[in-house]
Each structure stands twice: as structure tokens, then as C-alpha cells.
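Topology and contacts: notes
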Amino acid sequence: MRRRVCPAGTCERTYARPHAALRPGVHGYRGFRLTHTGPQRRLVIPRGTVSLVIGFGPGPEPDGPRDGTRDGARDGTRDGARSGPTGGHGGEHIRATASLATGLHTRARHFARQGALHGVEITLAPWVAHQIFDASMSELADTVVDPVDVLGPGFRELTEALQAAPDWPARFALVDSALVRWTRSAHLGRSPAGELLGAWDLLVRSAGTITVRDLAAATGWSQRHLENLFREQFGLTPKRLARIIRLRRALRLLITGTTPADTAYACGFSDQAHLTNEFTALVGMPPRRFLAARGTKGLPSHWVAG
């Protein structure tokens, strides 16, 4: 378990690995306590994982609509936490709520909050989310929902237990127990086929450069069947997931100082312009602007996350 406190003392984060029985499908836990009450924004870049955030302390005050869109009232579409896209730095703007679940997403998101916040974020592989969520992962793609919608009363019980727990070790143990219970009670039909997990591994190991045809050939399935299974159990088709995987690799290289031209070559883009266009489509701004924003005083390091 690791703990980090920001220099101002207004935010602390505690990281822990899940129980061995939950790995590798459950990637990790991040406990957080944010006491800064001013407005905050967090940019989350597309990634190949599902996020479950459980708030069990003071929640943020809703951030009002930025463009005259609806105020986030529930409307039966599973996206009550979402506000409409706006200008600014690109990406989708979402008013943070105390607890939320997000499927795989293919465009950057700005989460806005105001007020203190206390909770834990659980990062899941999409097939684990498919096992425990009462929804197809395709329904959750590019969507933010209330976790009660997909986990039922058990989520409220876990939230109450976390709120009463005395410290982070106790909270992480409660999360372990809940996830073990939920995965073991999941319907067997929701477990991914071995060939599907193998295809996921191939996609990741190739850094998103393997073709859908070769991926299907490795499983022995048709391309259409493979795409349908990916969409149902992971939320996105192999081609859309490959875009995210390539973006993540490009992001790592750019942040560590690799030039855009060298990054484009290493990640399989046809040229630097191709990288710039793809980066802008997924992140909402070109690479150079992203890197500049990351280093400005007005956009601290926590502005870029995920």
C-alpha cells in the first residue's frame, strides 16, 4: 500500500493492489480524500479499463451546465451524470457525482467538481465488469452511470460499510470481499471465453497494431462474431480498442520526451500528421497543446489522468 499527499495538504491518495484471487482482472484500488473546496477539473484520457468510483464521504456540489444543456436529471437513458460536450480544452464535460461507473470510452472527459470528496476508485478489466454489472458492456461504452443501476442494493451496502470503516486497510479489505463475492456469484454465461481473452492479450501485446483479420484467425472465429463478442463483453470493437491502445502507447512516449515524429513511427501511424489527427480525435487537442497544457500553472498534473 502506498500513500501520497500533495504539497498543500489538501489531497491524499492511497494505492493498493487487490487480493491475489482478483488479479489480473481487477487492476488496483485508489483511495482518495480531497479537502480543497474550490472548483476542480480532471481530464481522463481514453483507456482500456472500466472505472468504479465509490464516494462515501462528503460529495461534490454539482457543476452547473456549461452550455445550456440539461442539468443531469435522470431521464431513463443511464447517463444522468453527463453534461453535453463543450468548448474549452476539448473532450466531453461531465459533472462529477459522489459515485459513478464508467465503461470504456473513446474520447477524453472532463470531470468537474466543487467541494470535498472522499472515496475509492476501483479499476477493472472490462470482462470483470461484464461479469458483475447488470448490463451489456456495449450499453456502458462512452457512458457514465450510477453504480446502483448496474450493481443493485449490494452497492449501497458496500458504500455504507466503507463509510463506517476506520482506515484504508479495512476499506480495501471490504472492497476485496465484495468483489470476490460478486465475481463468484456471477452467472457462468457472463464469463469470457478463453479465445476472447486470448484475442484481448494479442491486441495488447501488439500495441494495437494487429489487424482484425489476424485477430479473428487466431481465435478461429469469423470477424463478425469476434466483433460482436468484443462489443458485448468489452464494450468496443477490436478496431476501436486498438485505437485506444495505440493512443496510450503514444501518450507514454510523448510524456517521456519522444518526439512526435518518432512516436508516430514507433506506434504504427503512417506519419506525424496521422498521429496528430488521431490524438486530437481521442483527446480533444493535438499532442503539442496537450503537453504544453500539462506543464502550465493553470492545469496541474492531476488535470491529466487515467
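Residues numbered from 1 in each chain as written. Predicted model: local features only at pLDDT ≥ 70, side-chain atom pairs only at ≥ 80, totals over all residues. Heavy atoms only, no water.

1. Here we look at the side chain of Thr 49
Structurally, the position occupied by Thr 49 is in the loop between strand E4 (39-44) and strand E5 (50-55). Ignoring any residue separated from it by four or fewer positions in sequence, one finds Thr 49 in contact with His 27, Gly 103, Leu 104, Thr 123 and Leu 124. (Helix = DSSP H or I, 4+ residues; strand = E, 2+ residues; numbered from the N terminus. Contact = heavy atoms within 4.5 Å.)

2. Things to note about the environment of Ala 186
By the secondary structure assignment, Ala 186 is in the loop between helix H5 (168-184) and helix H6 (194-205). A relative accessible area of 16% places Ala 186 in the buried class. In the structure, Ala 186 is positioned 52 residues away from Asp 134 in sequence and 9.7 Å away in space, judged by C-alpha atoms. (Buried < 20%, exposed > 50% of the residue type's maximum accessible area, 1.4 Å probe, protein only.)

3. A word on the pairing of E5
Within E5, 6 of the 6 residues are buried, which leaves the element mostly enclosed by the surrounding structure. Neither face of E5 is left uncovered, since the one carrying Val 50, Leu 52 and Ile 54 and the one carrying Ser 51, Val 53 and Gly 55 both have all their residues buried. In the sheet, E5 pairs with strand E9 (residues 117-124) via 6 bridges, with the strands oriented antiparallel. The partner of Val 53 across the bridge, within E9, is Glu 121. Where E5 lies against strand E7 (residues 100-102), 3 bridges are found, and the strand directions are antiparallel. (Pairing = 2+ DSSP bridges.)

4. Topic: the packing of aromatic side chains
Scanning the model with the defined rule gives 8 aromatic pairs in all. Put simply, the rings of Tyr 29, Phe 56, Trp 168 and Phe 172 touch in pairs and so form one group of aromatic residues. The side chain of Arg 171 reaches across the aromatic face of Trp 168, ending 4.7 Å from its centre. The cationic tip of Arg 246 hangs over the ring face of Phe 269; the distance from NZ or CZ to the ring centre is 4.3 Å. (Phe/Tyr/Trp six-rings, centres within 6.5 Å; stacked < 30°, edge-to-face > 60°. Lys NZ or Arg CZ within 6 Å of the ring centre and 35° of its normal.)

5. Considering the nonpolar core
Nonpolar side chains in soluble globular proteins tend to be buried together. Counting 52 residues, the largest nonpolar core has Tyr 29, Ile 54, Ile 122, Leu 124, Phe 133, Leu 179 and Phe 230 as its most contacted members. Among the elements that make up this core, the one with the highest residue count is H5 (7 residues). With residues near it in sequence (within four places) discarded, Phe 133 still touches Val 50, Ala 101, Leu 124, Leu 140, Val 150, Leu 151 and Arg 190. Counting 11 residues, the second-largest nonpolar core is a separate cluster that includes Leu 43, Leu 247, Phe 279 and Phe 290. (Core = buried A, V, L, I, M, F, W, Y, C linked by side-chain atoms within 4.5 Å.)

6. A few points about the packing of helix H11 (residues 272-283) against helix H12 (residues 287-294)
The N-to-C vectors of H11 and H12 enclose an angle of 55 degrees; their axes lie 9 Å apart at closest approach. As judged from the angle between their axes, H11 and H12 are oblique. Of the residues in H12, those in contact with Gln 272, Thr 276, Phe 279 and Val 283 of H11 are Pro 287, Arg 288 and Phe 290. When grouped by side-chain class, the residues that make up the contact of H11 with H12 number 4 nonpolar, 2 polar and 1 charged. (Axes fitted to C-alpha atoms, helices over the stretch in contact; angles between N-to-C directions. Parallel < 35°, antiparallel > 145°, perpendicular 65-115°, else oblique. Nonpolar A, V, L, I, M, F, W, Y, C, P; charged D, E, K, R; others polar.)

7. Some thoughts on helix H4 (residues 153-164)
In this model, H4 (12 residues) spans 17 Å end to end at C-alpha, consistent with the 16 Å of a helix rising 1.5 Å per residue. Every buried residue of H4 is listed here: Gly 154, Phe 155, Leu 158, Thr 159 and Leu 162. What you see down the axis of H4 is that its buried residues fit within an arc of 140 degrees, all on one side. Along H4, the residues that are exposed and aim more than 90 degrees away from the buried face are Pro 153, Glu 157, Glu 160, Gln 163 and Ala 164. Elements that come into contact with the buried residues of H4 comprise E5, E9, helix H3 (147-151) and H5. (Expected span 1.5 Å × (residues − 1). Arc of directions from axis to C-beta.)

8. Describing the pairing of strand E3 (residues 26-34)
Counting buried positions over the 9 residues of E3 gives 7, a clear majority of the element. In this structure, E3 lies alongside E9, joined through 8 bridges in antiparallel fashion. Following the sheet pairing, Gly 31 is matched in E9 by Val 120.

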